[in-house]
Amino acid sequence: MTDRILIIDFGSQVTQLIARRVRESGVYSEIHPFNKVSSKSIKDFKPNGVILSGGPASVTEMDTPRAPDELFNMGLPVLGICYGQQTMIERLGGKVETNEKKEFGHSTVAITGDCKLLDATWRKGSQQQVWMSHGDRVTSLPSGFHVVGKSDAAPYAIVADDDRKFYGVQFHPEVVHTPYGAELIRTFTHAIAGCSGNWTMSAFKDQAISKLRKEVGKSKVICGLSGGVDSSVVAVLLHEAIGDQLTCVFVDTGLMRLGEPEQVVELFRDHYKIPLIHNNASEHFLEKLGGITDPEQKRKIIGNAFIKIFEEEAKILGGADFLAQGTLYPDVIESVSFDGGPSVTIKSHHNVGGLPEVMNVKLLEPLRELFKDEVRELGRELGLPEHFVGRHPFPGPGLAIRIPGEITPEKLNTLREVDAIYLEEIRGAGLYNEIWQAFAILLPVQTVGVMGDRRTYDYVCALRAVTSTDGMTADFFPFDMEFLGRTANRIINEVRGINRVVYDITSKPPGTIEWE
């Protein structure tokens, strides 16, 4: 049985980072929303330990989320982070109060005591930089706890009960702004919760193949192959598990980048010898998307069209019981709001929120437990070429969400040419691997220009490039002006219909990486 850590989510914007840090230490973790956690679900999950996330609520108010009482009687190590610390302390008999002096951003914690959580990192008497985000604070401790660290606004910034293996920190160790925060989490998972750190991608691959063989049996599977990293890894994993029971269906939506359809066919049909149906449905998709400007409608139309084509291809094949797709863990983690109500949807994923409610095939999603970088690692384990595995993320709806407004064949061709030049320049400058994602957007805006002494009235394109570790937060890539000038000059001179280029310097948040 693989060691595992349960993360109970109280609505923090950075809960996913806790899971990432745990997995980086070689321990499998899952995020479960607070309002779906019970004594039975905890027992069924069989965790080695539990981490309580931060959140926007206040335990000083009625009807805000609380850690389940039964959790503290199960003999499990517990680490409470920010709101997680506060709900643990309140549940066990301590006090939490709203503080006039709030802490947001960098802060310093004075280490005033010793505990097992700090054994591998911080020593008594030292001063440590951390990242805070709180308005409430613990003001008295339950029996069994002692204070280990304090800050100006948090007299109980780190607390510990070594006997019961309960620990609480007011700061966020999961963010990069807390040096040694990842080490603190690792100390909890390994030294305190007793995890061995044996969750590797090689082990995951073997387990996934075994699980797929058992689940699929002798049934037929069709895999929706988009040409991106996720669906490509699914296809190779499935082929290794079930061989010719798999048929890949590559639907050319007409929304891919320059030359991508040909590359997909060559890699999978010619190189991997995986049975592949190439369905050129570009006219069908463009007809369905005609006149549609709302991005959520675009995603749902694309998702519905995908499934219908898959079902048609399954009938032609003589029936298939399963449809495989490259859904990832961030796509399926259920976000929670502090009052337990529905949270705001920023954007749906075409392979999650865009699927029809009634389907004639069962879904097979072997990557739904993995983050993006873990999928790349799995691809390397499976022998996919590095130039393919290391590609920047590409959205399932393709260029449809990089053309705000109505989509036309002419706009798509223009955007393909712009995007190809942009990526060529990035690779030529040796910057591709330094960037998380780079792409172009064709704006629904025309501006006046002058080219060859003649007036032009053409489109504006925006260039976007971001750095990130996981796609949850991102910052714009700081190209030098010479690079931007050279790239803009090439685009304007080589792509008909573009007379202005702008560069997007918005971070995430407040923006998203994609524009739609």
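Here's what I pulled together on the structure shown here. (Residues numbered from 1 in each chain as written. Predicted model: local features only at pLDDT ≥ 70, side-chain atom pairs only at ≥ 80, totals over all residues. Heavy atoms only, no water.)

### Details of the pattern of salt bridges
Then comes step 1: Counted by the stated rule, this structure contains 23 salt bridges.
Then comes step 2: Between E90 and R66 there is a salt bridge; the shortest N-O distance is 3.3 Å. Linking E90 in helix 3 (residues 83-91) with R66 in the loop between strand 3 (49-52) and strand 4 (78-81), this pair joins segments that are 24 residues apart in sequence.
Then comes step 3: Since its relative accessible area comes to 26%, E90 is described here as partly exposed.
Then comes step 4: For E365, the salt bridge goes to R368, with nearest N and O atoms at 2.2 Å.
Then comes step 5: Owing to a relative accessible area of 16%, E365 belongs among the buried residues under this scheme.
Then comes step 6: Connected through shared salt-bridge partners, E424, E425, E482, R486, R490 and E494 make up one network. (Salt bridge = Lys/Arg side-chain N within 4 Å of Asp/Glu carboxyl O. Helix = DSSP H or I, 4+ residues; strand = E, 2+ residues; numbered from the N terminus. Buried < 20%, exposed > 50% of the residue type's maximum accessible area, 1.4 Å probe, protein only.)

### What about the packing of helix 8 (residues 282-289) against helix 9 (residues 295-316)?
Then comes step 1: Put simply, helix 8 and helix 9 touch, their axes get as near as 10 Å, and they point 145 degrees apart. Crossing angle aside, the handedness with which helix 8 passes helix 9 is right-handed. Between helix 8 and helix 9, the contacting residues are H284, F285, K288 and L289 on the first element and K298, I301, I302, A305, F306 and I309 on the second.
Then comes step 2: Tallied by class, residues from the contact of helix 8 with helix 9 come to seven nonpolar, one polar and two charged. (Axes fitted to C-alpha atoms, helices over the stretch in contact; angles between N-to-C directions. Left-handed = near helix turned anticlockwise from the far one by under 90°. Contact = heavy atoms within 4.5 Å. Nonpolar A, V, L, I, M, F, W, Y, C, P; charged D, E, K, R; others polar.)

### So, helix 14 (residues 481-494)
An α-helix turns once every 3.6 residues. As a result, residues three or four positions apart point the same way.
Then comes step 1: For helix 14, spanning 14 residues, the distance from its first C-alpha to its last is 20 Å, which sits close to the expected 20 Å at 1.5 Å a residue.
Then comes step 2: Taken together, the buried positions of helix 14 are occupied by F483, L484, T487, A488, R490 and I491. Taken around the axis of helix 14, the buried residues stretch over an arc of 160 degrees, which confines them to a single face. Exposed side chains of helix 14 directed beyond 90 degrees from the buried face belong to M481, E482 and N493. (Expected span 1.5 Å × (residues − 1). Arc of directions from axis to C-beta.)

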